[in-house]
Protein chains: 2
Amino acid sequence: MRNTKQKELIFKIISSSYNHLTAQEVYTEARKEIDNISLGTVYRILNNLADNHQIVRIKTKSGVDHYDRKEQEKHNHFICDNCGKIFDVYNAEYLYDDKELSDFQINNVDITFSGICNECIKGRN
Amino acid sequence: MRNTKQKELIFKIISSSYNHLTAQEVYTEARKEIDNISLGTVYRILNNLADNHQIVRIKTKSGVDHYDRKEQEKHNHFICDNCGKIFDVYNAEYLYDDKELSDFQINNVDITFSGICNECIKGRN
DNA sequence: TCCTTATCAGTAACGATTACTATTTGTTTT
DNA sequence: AAAACAAATAGTAATCGTTACTGATAAGGA
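Owing to the predicted nature of the structure, the values given are computational and were not obtained by experimental measurement. Just so you know, the residues in each chain are numbered from 1, in the order the chain's sequence is written. Here the convention is simple: chains get letters from A, ligands get numbers from 1, in the order in which they are written. pLDDT decides what is reported in this predicted model: residues at 70 or higher carry local features, side-chain atom pairs at 80 or more are listed and counted, and totals for whole chains, interfaces and linings draw on all residues regardless. Values shown for side chains rest on all heavy atoms present in the structure; no hydrogens or waters enter the calculation.

1. Some words on the nonpolar core
For step 1, the next point in the chain: We define the nonpolar core as a collection of buried residues of types Ala, Val, Leu, Ile, Met, Phe, Trp, Tyr and Cys that are connected through side-chain atoms lying within 4.5 Å of one another. Residue exposure (1.4 Å probe, protein chains only): buried if accessible area is under 20% of the type maximum, exposed if over 50%, otherwise partly exposed. Counting 23 residues, the largest nonpolar core has A:Phe78, A:Phe113, B:Phe78 and B:Phe113 as the members making the most contacts within it.
For step 2, the next point in the chain: When residues of this core are traced back to their parent elements, those giving at least two are strand E4 (76–80) and strand E6 (105–116) of chain A together with strand E4 (76–80) and strand E6 (105–116) of chain B.
For step 3, the next point in the chain: Beyond its immediate sequence surroundings of up to four residues, B:Phe78 is in contact with A:Phe113, A:Ser114, A:Gly115, A:Ile116, A:Cys117, B:Lys85, B:Ile86, B:Phe87, B:Val89, B:Phe104, B:Gln105 and B:Ile106. In DSSP terms, a helix is any run of H or I states spanning at least four residues, a strand is any run of E spanning at least two, and both are numbered starting from the N terminus. Working rule for contacts: check all heavy atoms of both residues, and any pair within 4.5 Å makes them a contact.

Below, the structure is given as structure tokens:
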């Protein structure tokens, strides 16, 4: 794994931002520094960094992935249905009981479990 | 809103299935009855039915939407990371406390809130 | 400095979904 | 029942986020 200015730049952009950036947003930001950086390069580096747990990939149901700097404290997310922005939520259980106390207008709480189903564990798929 | 055989067929396919079908799966099934039905038609009808709350649209982070017949009881979902199948989970709080008791190998629990953020409420976006 | 090869820029391809358009087909009106 | 109108359709093109490919570039060890 080599050290390139592209990799350093993208890591810097993610780690210095308090937003949850999309690949496009990172690309726009990166072009200010390296004007001919390729969008494919941005995607590849973001994926590498996420796979190596240097940054966090946040997949969303809208189909647009976001990337965030590595946080220590475990938390959940609020996604705005209007603008698509992602906000950190540190008091999930609290909010789940009383949505009215939130800073946001929470219309939905989605709990999804993931892992491996029985058929796949048994190697049938 | 007109009554067409395409609409009736797709509603029948969804309501008689105990799986959470994708548009492609509905399309494959529908072609057995109407051999030249269009994939676009399947998507449009699925969207119409979901918008009218006659069926349920399940958006996933994999980017593939699934559709399900209307259930009365509120429940959550388990998504297999290997085969992509979706299973109903009726005992979420229970599982959240003790993942070992599940029928599945649960690797992750994702809680995401959605709605409208403050900026959008104030009409700034 | 040279060599090897990982990484890059640029572009093409992908997969799920949506949009477009000429044609067909429900439904209403005569 | 035939004509007329518009909603819905089949077929296809386009979109959007993302990934794959390819020849050129450059990191870093010998």
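2. A short note on the domain arrangement of chain A
All names here are of chain A.
For step 1, the next point in the chain: For the purposes of this description, domain bounds are those given by an automatic or database domain assignment. Taken domain by domain, chain A comprises domain 1 (5–69) and domain 2 (76–121).
For step 2, the next point in the chain: Distance from the C-alpha centre of domain 1 to the C-alpha centre of domain 2: 23 Å.
For step 3, the next point in the chain: Taking both partners together, domain 1 and domain 2 bury about 500 Å²; carbon and sulfur atoms supply 58% of that area.
For step 4, the next point in the chain: Its largest share of buried area at the contact with domain 2, domain 1 owes to His 20, Ile 58 and Lys 61, together 65% of the area lost on that side.
For step 5, the next point in the chain: One side-chain nitrogen of Lys or Arg within 4 Å of one carboxyl oxygen of Asp or Glu is enough to make a salt bridge. Counting across the domain 1 and domain 2 interface gives one salt bridge.
For step 6, the next point in the chain: We note a salt bridge from Asp 110 to Lys 61, for which the minimum N-O separation is 3.0 Å.
For step 7, the next point in the chain: The term polar contact refers here to a pair of N or O atoms within 3.5 Å; inside protein, the definition further demands a hydrogen-donor-capable atom paired with an acceptor-capable atom, and it admits residues adjacent in sequence only when both atoms are side-chain atoms. Counting every contact that joins domain 1 to domain 2 gives three residue pairs in polar contact (both at pLDDT 80 or more).
For step 8, the next point in the chain: Three residue categories are used. Nonpolar comprises Ala, Val, Leu, Ile, Met, Phe, Trp, Tyr, Cys and Pro, charged comprises Asp, Glu, Lys and Arg, and polar comprises the others, including Gly. Considering only residue class, the side of domain 1 that touches domain 2 consists of one nonpolar, three polar and two charged. Computed with a 1.4 Å rolling probe, the buried area is the accessible surface lost when two parts are put together, summed over both parts.

3. Some details on the sheet that holds strand E1 (residues 21–22) of chain B
Residues and elements named next belong to chain B.
For step 1, the next point in the chain: A sheet is described by the order of its strands in space; here three strands give the open sequence E1-E3-E2, paired in antiparallel fashion. The open sheet terminates on both sides in strands that have one partner only, identified here as E1 and strand E2 (55–58).
For step 2, the next point in the chain: Two strands form a pair only when DSSP identifies at least two bridges running between them. As judged from the two bridges shared by E1 and strand E3 (residues 66–69), these two strands associate in the antiparallel manner. Its bridge partner being in E3, Thr 22 is matched across the sheet by His 66.
For step 3, the next point in the chain: Where helix H1 (residues 5–15) meets the sheet, its contacts fall on E1, E2 and E3, and the angle it forms with E3 comes to roughly 80°.
For step 4, the next point in the chain: Each axis is a line fitted through C-alpha atoms, taken for helices only over the stretch in contact, and angles between the N-to-C directions span 0 to 180 degrees. This element, helix H3 (residues 39–51), spans E2 and E3 of the sheet and lies at about 110° to E2.

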